[in-house]
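The lines below spell out each chain.
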There are 2 protein chains.
Amino acid sequence: MSNRPNPFVKTRRDHADETAEDYVEAIADIEIASGSCRVKDLAERMQVSHVTVTRILSRLAEAGLVARQPYGPVGLTPQGLEMAAASRVRHEVVVAFLERIGVSNATAEHDAEGMEHHASEETLAAMRRYLGLIEDA
Amino acid sequence: MSNRPNPFVKTRRDHADETAEDYVEAIADIEIASGSCRVKDLAERMQVSHVTVTRILSRLAEAGLVARQPYGPVGLTPQGLEMAAASRVRHEVVVAFLERIGVSNATAEHDAEGMEHHASEETLAAMRRYLGLIEDA
DNA sequence: GCAAATTTGTAGCAATGGCTACATTTTGTA
DNA sequence: TACAAAATGTAGCCATTGCTACAAATTTGC
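Bringing the overall build of chain A into the picture now. Scanning chain A from terminus to terminus reveals six helices and two strands. Ordered by position from the N terminus, the helices and strands of chain A form the series α-α-α-β-β-α-α-α. Here chain A holds 137 residues, and 36% of them are scored as buried.

Spelled out as structure tokens, the structure:
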């Protein structure tokens, strides 16, 4: 149990892609929770300055995921909504799975936030299977 | 199962820290496998150019994790060895765990590479428990 | 309605991690 | 030994994500 082959071929998604997913997911959550999402809300949630949020939102708008106008609220495009939905599903599977194996909710939420970007479809399927959802071995 | 609190307080280790662990782990592996580790070996393993490797190694040397001299092999300092050992343990726990829930070895290695940096002690403990190693609920 | 507080934007700096192109050093071999 | 090949190093470019400081717009409250 320690043969390390060479499966390092771009194991992780690009960091920028992970950021996009995190922000899109956060925007969806905040919209649901408070009706609308502002730069300030994202800055608080991501624990970064509003400057960082603004710059990242520009890139996401450029990529067609986010829609917004200066000094206005932050919204998701259809494409952004789609990504948010997918991210949310992944997130929930990972959280539920971690809790199932005995991790506290707080830690599960915490760890899932980082792990969800690295769980492949195969791993997510295994988690769902373990949870008794859907597919079987 | 969708209450999203606000556990986003620096969920993930800094990316630079993850890089350090990945490299240190890789160096240890390569040394074991081929006797010595060269910049070229790391470039192949990490799938990046030798330039990127060189720059990262400079930073790691600066941080006291890596020891090396120009055009020479790459070695680990005692501190680097310590980090490598810890990383390896985490890696192996995650891989073994994923395989246990039905993920193929290839995918387990692949996903673990990214996930291991985001699994907290609590989650790792839960995985070990599930594997039947050590601690109990 | 207007001043103060809050929010957002912009300028500009730093660290990290990619790269290509080119210089230099080591190695290997004819 | 001398030259060619391989491995490293350096210069310099880009993108991403942090930041502080300062400017501008929007909201609030009196």
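Now, onward.
Residue and element names in this part refer to chain B. Packing of helix 2 (residues 39-46) against helix 3 (residues 50-62) brings their axes to within 8 Å, and their N-to-C directions diverge by 110 degrees. On the basis of their axis angle, the class for helix 2 and helix 3 is roughly perpendicular. Considering the relative orientation of helix 2 and helix 3, their crossing is right-handed. Side by side, helix 2 and helix 3 meet where V39, K40, L42, A43 and M46 of the first sit next to H50, V53 and T54 of the second. A breakdown of the residues in the contact of helix 2 with helix 3 according to their chemical character gives five nonpolar, two polar and one charged.

Listed in full, the buried residues belonging to helix 2 (residues 39-46) of chain A are D41(A), L42(A) and R45(A). One side of helix 2 of chain A carries all its buried residues, which in axial view fall inside an arc of 95 degrees.

What follows concerns the protein's contact with DNA strand C. Of all residues adjacent to DNA strand C, which total 18 residues, the nearest are R38(A), K40(A), T19(B), V48(B) and S49(B). Listing elements by their share of the surface near DNA strand C, those giving two or more residues are helix 2 and helix 3 (50-62) of chain A together with helix 1 (15-34) and helix 3 of chain B. Broken down by element, the surface near DNA strand C gets its largest block of residues, four residues, from helix 3 of chain B. For the surface near DNA strand C, a count of residues per class yields nine nonpolar, six polar and three charged.

Attention now moves to the protein's contact with DNA strand D. Near DNA strand D you find 19 residues, and of these T19(A), S49(A), V51(A), R38(B) and K40(B) are the closest. Tallying contributions element by element places helix 3 of chain A first for the surface near DNA strand D, with five residues. Looking at the surface near DNA strand D residue by residue, the class counts come to nine nonpolar, six polar and four charged.

A separate point is the domain arrangement of chain A. Residues and elements named next belong to chain A. As far as domains go, chain A holds domain 1 (15-81) and domain 2 (82-131). Domain 1 puts 11 residues into the contact, and the matching count from domain 2 is eight residues. Residue contributions to the side of domain 1 that touches domain 2 peak at five residues, all from helix 1 (residues 15-34).

A few words on the nonpolar core. Core analysis: the biggest nonpolar cluster contains 24 residues, and V94(A), L98(A), V94(B) and L98(B) have the highest contact counts within it. Among the secondary structure elements, those contributing two or more residues to this core are helix 4 (78-100), helix 5 (105-115) and helix 6 (121-131) of chain A together with helix 4 (78-100), helix 5 (105-115) and helix 6 (121-131) of chain B. Those residues in contact with V94(A) that lie beyond four places of it in its chain are A112(A), M115(A), E116(A), A119(A) and M127(A).

Residues and elements named next belong to chain A. Notably, Q47 is not glycine yet its phi reads approximately 60 degrees, a positive angle. Note on placement: Q47 falls in the loop between helix 2 and helix 3. A positive phi angle is found at Y71, which is not glycine, with a value near 65 degrees. Structurally, Y71 can be placed in the loop between strand 1 (66-68) and strand 2 (74-76).

Residue and element names in this part refer to chain A. Overall, the prediction assigns chain A a mean pLDDT of 89, with 88% of residues at 70 or greater. Looking across chain A, the model is least confident in helix 5, with a mean pLDDT of 94, and most confident in strand 2, with 98. Low pLDDT, under 50, characterises residues 1-12; the predicted model gives this stretch 21 contacts beyond four residues in sequence or across chains.

Criteria and cut-off values
- Residues numbered from 1 in each chain as written.
- Chains lettered and ligands numbered in written order.
- Predicted model: local features only at pLDDT ≥ 70, side-chain atom pairs only at ≥ 80, totals over all residues.
- Helix = DSSP H or I, 4+ residues; strand = E, 2+ residues; numbered from the N terminus.
- Buried ≥ 20, exposed ≤ 12 C-beta atoms within 10 Å, placed from the backbone.
- Axes fitted to C-alpha atoms, helices over the stretch in contact; angles between N-to-C directions.
- Parallel < 35°, antiparallel > 145°, perpendicular 65-115°, else oblique.
- Left-handed = near helix turned anticlockwise from the far one by under 90°.
- Contact = placed C-beta atoms within 7 Å.
- Nonpolar A, V, L, I, M, F, W, Y, C, P; charged D, E, K, R; others polar.
- Arc of directions from axis to C-beta.
- Near = placed C-beta within 6 Å.
- Domains from an automatic or database assignment.
- Core = buried A, V, L, I, M, F, W, Y, C linked by C-beta atoms within 7 Å.
- pLDDT = per-residue confidence, 0-100.

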